[in-house]
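Residue-level structure breakdown
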Amino acid sequence: MKTIRLIYPQWQGGNIARWIPNIAPEDASRGYYLGSMLLNFLAPETDNETFTVPVSTDVTARIEKNGVLDQDIIVEQTRAALDTLRIANPDKVVTLGGECSVSVPVFSYLADKHKGDVAIVWIDAHPDITLPGDDYNGYHAMALTACMGMGDKNIVGQLPASVPPAAVCLAGLRECEYPYIEKRVSEFGLAHYSPQQLAGSSQPVIEWLKMSGKSKVMIHFDMDVMDPADILAAVADGPAGGLKLNEVVRLINDIASYKELVALTIAEPMPRLAIRLKNMLGELPLMH
């Protein structure tokens, strides 16, 4: 079973500059790019092959098309990610993002590779099940619907496989943002567990995995699932009440102990301090 590490610093799926007012909009927008590189720097050394998806850092006029911000760029970078995966031909993938949509090509590739014998545990404060035309046009909030085969045809049409809602579990959910998104969670029939339900035990997710009938699991870990009072690593500094860092680590390890883990994505790191230090260094003499 071949495992690779995939560095996937896609940032164009986010529309987040408004939530980071103390950083210039273009730097905030590209913060996920630096976050991905920082995750790779901090991650343990590995003997597994490492691949990097080419992602543009150019900040041009950000154009919404078919209800998706920067759609053309995302289409191109999704194709590049799928090409990378097909060339590498892994059975398991560790993905260091980048915003949440970095899981989409990886999970689709692995769902195809393992002939549908995969479940998704989406560890996130949000369900990421918006669709083009909803109030928010950032593709990262459409990531899970894309994994389930729904969304923009230009993006989803490239994907080799999808995962049905019955094989998807939301862990740590605490904010749907819009009433229709909360309703959609129910309409899709998505299993979902709050931070309070998972704070003391991983058992709710383990029981769900037992009933899923799948032998393999893919985990998406969005850093905003964590309580900002414990660690502020994502964009938002609220709402409070998320999982603690040690609770997320326990949950992921418990899942991996129960089912074969074929994908682990770590997404949405927003390194505010690193961005400000980078900008500071750019202003000092003799640095260029």
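Residues numbered from 1 in each chain as written. Predicted model: local features only at pLDDT ≥ 70, side-chain atom pairs only at ≥ 80, totals over all residues. Heavy atoms only, no water.

Some words on the overall build of the chain
Heads up, the rule is: In this text, helices come from DSSP runs of H or I with a minimum length of four residues, and strands from runs of E with a minimum of two, each type numbered from the N-terminal end. The reference for a compact globule is 2.2 Å times residues^0.38; the radius of gyration itself is calculated from the C-alpha atoms. Contacts are assigned to residue pairs that have any heavy atoms within 4.5 Å of one another. The Shrake-Rupley method, run with a 1.4 Å probe sphere, supplies the accessible areas, and residue values consider only the shown protein chains as cover.
In terms of regular secondary structure, the chain is built from 11 helices and 10 strands. For 288 residues, the compact-globule formula gives about 19 Å, and the C-alpha radius of gyration of the chain, at 18 Å, lands near that figure. Dimensions of the chain, computed from C-alpha atoms along their principal axes, come out at roughly 60 × 40 × 40 Å. Taking as baseline every contact in the chain between residues at least 6 positions apart, the subset at least 24 positions apart corresponds to 76%. Counting only carbon and sulfur atoms, one obtains 54% of the accessible surface of the chain, whose full area is about 12,500 Å².

Regarding the pattern of salt bridges
Basically, it comes down to this: In what follows, salt bridge is the name for a side-chain nitrogen of Lys or Arg lying within 4 Å of a carboxyl oxygen of Asp or Glu. Relative accessibility under 20% of the residue-type maximum defines a buried residue, over 50% an exposed one, and the middle range a partly exposed one, all with a 1.4 Å probe and only protein chains included.
The full count for this structure, using the stated rule, is 13 salt bridges. Taking the shortest distance from any N to any O, the salt bridge between Asp83 and Arg86 comes out at 3.9 Å. Taken together, the residues span about one helical turn, with Asp83 and Arg86 both in helix H3 (residues 71-88) at a distance of 3 residues. Across the pair Asp91 and Lys113 runs a salt bridge whose closest N-O atoms are separated by 3.8 Å. Placement of the pair is Asp91 in the loop between H3 and strand E5 (92-97) and Lys113 in helix H4 (residues 103-113), with a sequence separation of 22 residues. Asp91 gets classed as buried once you look at its relative accessible area, which sits at 16%. When salt bridges with common partners are traced through the structure, they connect Lys92, Asp117, Lys216 and Glu260 into a single cluster.

Points about the sheet that holds E5
The pairing of strands in a sheet comes from backbone hydrogen bonds and takes either a parallel or an antiparallel form. What counts is decided by this rule: When DSSP finds at least two bridges between two strands, those strands are taken to pair. Interaxial angle, 0 to 180 degrees, is taken between N-to-C directions of lines fitted to C-alpha atoms, where a helix line uses only the stretch in contact.
Read from one edge to the other, the open sheet built from 8 strands follows the order E2-E1-E5-E10-E9-E6-E7-E8, with strand pairing classed as parallel. The open sheet terminates on both sides in strands that have one partner only, identified here as strand E2 (49-52) and strand E8 (191-193). Going from strand to strand, the sheet's axes swing by 15 degrees on average, the running direction of each strand aside. As defined by bridge partners, strand E6 (residues 118-123) adjoins strand E7 (residues 168-171) across 4 bridges and the pair is classed as parallel. By the bridge assignment, Val121 is partnered in E7 with Cys169. Contacts from helix H9 (residues 203-212) reach E6, E7, E8 and strand E9 (216-222) within the one sheet, and its direction differs from that of E6 by about 160 degrees.

Let's talk about the nonpolar core
Proteins that are soluble and globular tend to have nonpolar side chains buried together. Put simply, the rule is: In these notes, a set of buried Ala, Val, Leu, Ile, Met, Phe, Trp, Tyr and Cys residues joined through side-chain atoms within 4.5 Å is what counts as a nonpolar core.
Of all hydrophobic cores here, the largest spans 62 residues; its most connected members are Ile120, Trp122, Leu144 and Met218. With 7 residues, H3 is the single largest residue contributor to this core. In this view, Leu144 contacts Ile120, Trp122, Pro127, Asp128, Ile129, Val168 and Leu170; residues no more than four positions away in its chain are not counted. Counting residues in hydrophobic clusters, the runner-up holds 30 residues, among them Leu96, Ile219, Met223 and Met226.

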